[in-house]
Amino acid sequence: EDEGEGEGEGEEVVDGMGISDSLDLTYDPWQADVLKPSNELEIKAASFLIYVLLRHCRVELGEAEDAMFAAMVERGELREADIPLPVKDAPAVPSYFMLPSSVSGGTSEKMLMAYAFGHRVVKMPGKGARVKQLGQLIAHPVLFDRLLNPEDWKGGQARFTPMLVKPLPWLGVKNGGFLCLPRGVARFAPREMNDRMEEAREEMQRVYQGLNSLSQTPWQVDTSVLQVQRHLWNLGGNTAGLVQREKGEISPKPDLTKGATEEELKAWKKVAFLTIKANRENHSIGCDTENRLLQAEELVAESEFYFPHNVDFRGRAYPMPPNLNHLGADSTRALLRFARARPLGEKGEIWLWIHLSNLCGHDKVAMQDRIEWAQARYRDIEDSARNPIDGDRWWSKQDAPFQVLAACQELEKVLRLPKARRKAFESSLPIHQDGSCNGLQHYSALGRDQKGGEQVNLTLSAVPGDVYTAVMKVVAAKVAVEAKNGEAKAQLVDGHITRKMVKQTVMTSVYGVTLIGASAQILQRLRDTPALAGLEDNLLRPASGFLAKLTLQSLGEVFQSATASQNWLTEVARIMCKETGCPMQWVTPLGMPIIQPYRKERGFQVVTHLQKVTLNSSGGHLPIDSLKQKVAFPPNFIHSLDASHMLLTAIECSRQNIEFAAVHDSYWTHAATVDEMNGILRDKVPPHTHAHTHTSPSPQPITTRSLRLPPNTLSTA
């Protein structure tokens, strides 16, 4: 809470804690339907549990450890307030409240006892002359060090893990998925949307069918890839996309009293900050890596397991277990393969070669060129499969290293067989078919944009279009012109524009990326550019803003129809929110009612056992946030179309007994069934785009009719 300095600040002081004059003390959230009194009870119960932890949880440490922390306080590396108090004259507690000392047994060292946690109130600078008081929980350094050591911390038991039996089929909003951990079908959906879905139970059947199809796909752990990952991780990581386990060292702080300069101190602070930041990020990723490997190791002996799925409020499907699933990064995806294998058949081996080429980033050439490129690397493939650790590790230098390793091992098994027997080889490796910037594909289809459609492969072509390269060329040409005209920012980056530099911005532009967000994306790419290495951010940041603006402008030139469609959808949302005061809502091609949850927040106070807590409510009783509703509608609408397409494909693949999994716009199946799946996914384009794109003799722009808005929500056509 803010506490003013002196009188006349317009604030009331209650129990020594100031109450901000911006807080609405007349607001009673418990009168609203969205917030029940049970919420306040849960908050107070949680506060009481924390109070119990503060009173009873303790750590054991030796005299040497205690002396070490005292020395750190003297050197200024720790504050005395960072260490919870020692335990004195307190009653004994059960052993499960104790963290034993790491000192080996049998030592003569005297053992001490301290509280594991502490609570304190700290003062932070507020607005103007105000001081903000914040409650903090602190952990004893012994506990903190133990948590920072992945060898000692095994992550506990995750609550949501893959299932060993088939998930419950979705039958309604709250009926499906896990057997004993009930979760709703739509995560982050507002209450009014859940009510609408209940009312539309019949219309929602295809959504449930799609989720059930995804949830019924059985999986196995790829044992060989797991063994390689575990070995490299135990060696310290820092290879093949695994983060470095060892902390980066920080050099001693320059001492101004011993001749160090202010410039040296400033440089040291920057390096120290970046090192600490990297250490924390690596630790976080490292804990996730250890947790994932442990889960995979627990599942190695299982013949099959399953990922129950649900959707977000836009209709996009996600596996419910968060740690180990096929939506993860390369190292996670490579750990998984289908539990059921299929003979390769006529074209399966061809798709294995193409899959390997795609994973290595060689995916913007004709199919035959991809096959030849991969086959020319037979020796690398063989070495990677047979000697993944002690060989040349060609696989580890690719874009998706562990998935490349899995593909190499599968291909090596096939190539060991005589050609006559390869068609009968039973493969369980998932083969991916990725969309070409799906957001732009949908915009191009909705707007009947022939030129844009060619760039994102909506038309037949021997060589696939590459939207990122197309935009990159336009940006590079503009930068060259600006550089000749004397623009310093252009001169700095001229000749260094790459496809990778603009890819993320192009990819996220259709999902509402702002100029600030695009600048941050390009700034990171500039930092990674070898020719610009060592340049300060005060030089790179203006250049990143300059490039972000050019990238978004160039995208609008290459995809004029997409930009016009996006602007039109934004205008629809603006008019609707202004005239009705209602959140933007529509019905997907699968019949799922969507209601955007963005509303203005309102603060209220809860008095807990320890302190007062200010919380924000954004329930359905509050006014909508018109700006968020307007800006978010185009990307959310496109996401809902993309999700509908994927679920329709899943339903049909299940009907035809084709194994299917998806990472949003990346569709997975067996090598033997890729061609069948490709036919299905092209046939299952959402009806309102498919009809205009393929059957309408005179295509017309999208209208409010194609949005299927709920009745009486928009008065302007």
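Residues numbered from 1 in each chain as written. Predicted model: local features only at pLDDT ≥ 70, side-chain atom pairs only at ≥ 80, totals over all residues. Heavy atoms only, no water.

1. Digging into the overall build of the protein chain
A count of helices and strands for the protein chain gives 25 helices and 24 strands. Within the protein chain, the proportion of its 717 residues that are buried is 46%. Partitioning the contacts of the protein chain with sequence separation of at least 6, the portion at a separation of at least 24 is 70%. Only carbon and sulfur atoms are counted for the fraction: they give 53% of the accessible area of the protein chain, which is about 36,400 Å². (Helix = DSSP H or I, 4+ residues; strand = E, 2+ residues; numbered from the N terminus. Buried < 20%, exposed > 50% of the residue type's maximum accessible area, 1.4 Å probe, protein only. Contact = heavy atoms within 4.5 Å. Areas by Shrake-Rupley, 256 points an atom, 1.4 Å probe, with all protein chains shown as cover.)

2. A look at the nonpolar core
With 80 residues, the main nonpolar core has Leu440, Val467, Val479, Leu526, Leu547, Met592 and Phe660 as its most contacted residues. Per-element accounting of this core gives the leading share, nine residues, to helix H22 (residues 626–655). Ignoring sequence-local partners within four residues, the contact set of leucine 547 consists of Val475, Val479, Val493, Ile497, Met501, Ile522 and Leu526. (Core = buried A, V, L, I, M, F, W, Y, C linked by side-chain atoms within 4.5 Å.)

3. Concerning unusual backbone geometry
With phi around 55 degrees, alanine 240 is a residue other than glycine that occupies positive phi space. When you line up the elements, alanine 240 lands in the loop between helix H6 (223–234) and helix H7 (262–299). Here alanine 240 falls in the buried class, since its relative accessible area comes to 8%. Of note in this structure, arginine 393 is not a glycine but carries a positive phi near 55 degrees. Structurally, the position occupied by arginine 393 is in the loop between helix H11 (378–386) and helix H12 (401–415).

4. Re the packing of H6 against H7
Put simply, H6 and H7 touch, their axes get as near as 11 Å, and they point 145 degrees apart. As for the relative orientation of H6 and H7, their crossing is left-handed in sense. Residues Leu226, Gln229, Arg230 and Trp233 of H6 pack against Gly286, Thr289, Glu290, Arg292, Leu293, Leu294, Ala296 and Glu297 of H7. (Axes fitted to C-alpha atoms, helices over the stretch in contact; angles between N-to-C directions. Left-handed = near helix turned anticlockwise from the far one by under 90°.)

5. Re the side chain of arginine 292
As for its position among the elements, arginine 292 is in helix H7. Owing to a relative accessible area of 3%, arginine 292 belongs among the buried residues under this scheme. Excluding anything up to four places from it in sequence, arginine 292 contacts Gln229, Asn323, Leu324, Ser331, Thr332 and Leu335.

6. Considerations on a nonpolar patch on the surface
Together, Leu164, Val165, Leu168 and Leu179 give the surface a local cluster of nonpolar side chains, amounting to about 340 Å² of exposed area. Positionally, leucine 168 belongs in strand S9 (residues 168–172). On the basis of relative accessibility, which here comes to 36%, the residue leucine 168 falls in the partly exposed class. (Patch = residues over 30% accessible without salt bridge, like charges linked within 9 Å, V, L, I, M, F, W, Y side chains within 5 Å. Salt bridge = Lys/Arg side-chain N within 4 Å of Asp/Glu carboxyl O.)

7. Topic: the packing of helix H18 (residues 499–509) against helix H20 (residues 537–558)
For the pair H18 and H20, the least separation of the axes is 10 Å and the interaxial angle reads 55 degrees. Taken together, the axes of H18 and H20 lie oblique to each other. Considering how the two elements wind past one another, H18 and H20 form a crossing that is right-handed. Packed against H18, whose contacting residues are Met501, Val502, Thr505, Val506 and Ser509, the element H20 presents Leu547, Thr551, Leu552 and Leu555 at the interface. (Parallel < 35°, antiparallel > 145°, perpendicular 65-115°, else oblique.)

8. Brief notes about the sheet that holds strand S18 (residues 431–434)
Spatial strand order, S18-S24-S23: three strands in an open sheet with antiparallel pairing. In the strand order of this sheet, the two ends are held by S18 and strand S23 (661–663), each with one partner. If you compare each strand with its neighbour and ignore which way they point, the axes differ by 25 degrees on average. By the bridge criterion, four bridges tie S18 to strand S24 (residues 666–669) in an arrangement that is antiparallel. (Pairing = 2+ DSSP bridges.)

9. Looking at the sheet that holds strand S4 (residues 58–62)
Sheet architecture is open: three strands sit in the order S5-S4-S6, paired in mixed fashion. Either end of the sheet is taken by a strand with one partner, and the two such strands are strand S5 (98–99) and strand S6 (111–115). Pairing of S4 with S6 involves five bridges; the strand directions are antiparallel. Residue pairing across strands places glycine 62 opposite methionine 111, the latter belonging to S6. The sheet contacts of helix H2 (residues 63–74) involve S4 and S6, and relative to S4 the element is tilted by about 95 degrees.

10. Digging into the pattern of salt bridges
Scanning the entire structure with this criterion turns up 25 salt bridges. Here arginine 337 ties to glutamate 410 by a salt bridge, and the two come within 2.5 Å at their closest N and O atoms. On the criterion of sequence distance, the pair formed by arginine 337 in strand S15 (residues 336–338) and glutamate 410 in helix H12 is long-range, its members being 73 residues apart. Here arginine 337 falls in the buried class, since its relative accessible area comes to 9%. Since its relative accessible area comes to 2%, glutamate 410 is described here as buried. The network of salt bridges with shared partners includes Arg379, Glu382, Arg386, Glu412 and Arg416.

11. Quick word on the side chain of serine 565
With respect to the helices and strands, the residue serine 565 is situated in helix H21 (residues 560–580). With a relative accessible area of 8%, serine 565 lands in the buried category. Beyond its immediate stretch of four places on either side in the chain, serine 565 contacts Tyr443 and Gly447.

12. Some thoughts on H6
Taking 1.5 Å per residue, 12 residues should reach 16 Å; H6 reaches 16 Å between its end C-alpha atoms and fits that length. Contact partners of the buried residues in H6: strand S12 (219–221), H7, helix H8 (330–333) and H12. Just downstream of H6, glycine 236 is the residue with a positive phi angle, here 120 degrees. (Expected span 1.5 Å × (residues − 1).)

13. What about the packing of aromatic side chains?
In total, this model carries 11 aromatic pairs according to the counting rule given. With a centroid separation of 5.4 Å and 40 degrees between ring planes, the pair formed by phenylalanine 160 and phenylalanine 178 is classed as tilted. Of the two residues, phenylalanine 160 is situated in the loop between helix H3 (141–147) and S9 and phenylalanine 178 in the loop between strand S10 (175–177) and strand S11 (186–187); the sequence distance between them amounts to 18 residues. Given a relative accessible area of 7%, phenylalanine 178 falls into the buried group. (Phe/Tyr/Trp six-rings, centres within 6.5 Å; stacked < 30°, edge-to-face > 60°.)

14. Quick notes on the environment of tyrosine 468
Assignment of secondary structure puts tyrosine 468 in helix H16 (residues 467–484). Look at tyrosine 468 and you get buried, because its relative accessible area is 6%. Taking C-alpha positions, tyrosine 468 is 9.4 Å from threonine 505, a pair spaced 37 residues apart along the chain. When neighbours within four sequence positions are excluded, tyrosine 468 is seen to be in contact with Cys437, Arg499, Val502, Lys503, Val506 and Met507.

15. Things to note about the environment of arginine 230
When you line up the elements, arginine 230 lands in helix H6. Along the backbone, arginine 230 and threonine 289 are 59 residues apart, and their C-alpha atoms lie at a distance of 9.7 Å. Filtering out sequence-adjacent residues up to four positions away, arginine 230 remains in contact with Glu290, Leu293, Leu294 and Glu297. Looking at arginine 230, its side chain comes within polar contact range of the side chain of glutamate 297, at 2.8 Å. (Polar contact = N/O pair within 3.5 Å; in protein donor to acceptor, adjacent residues only side chain to side chain.)

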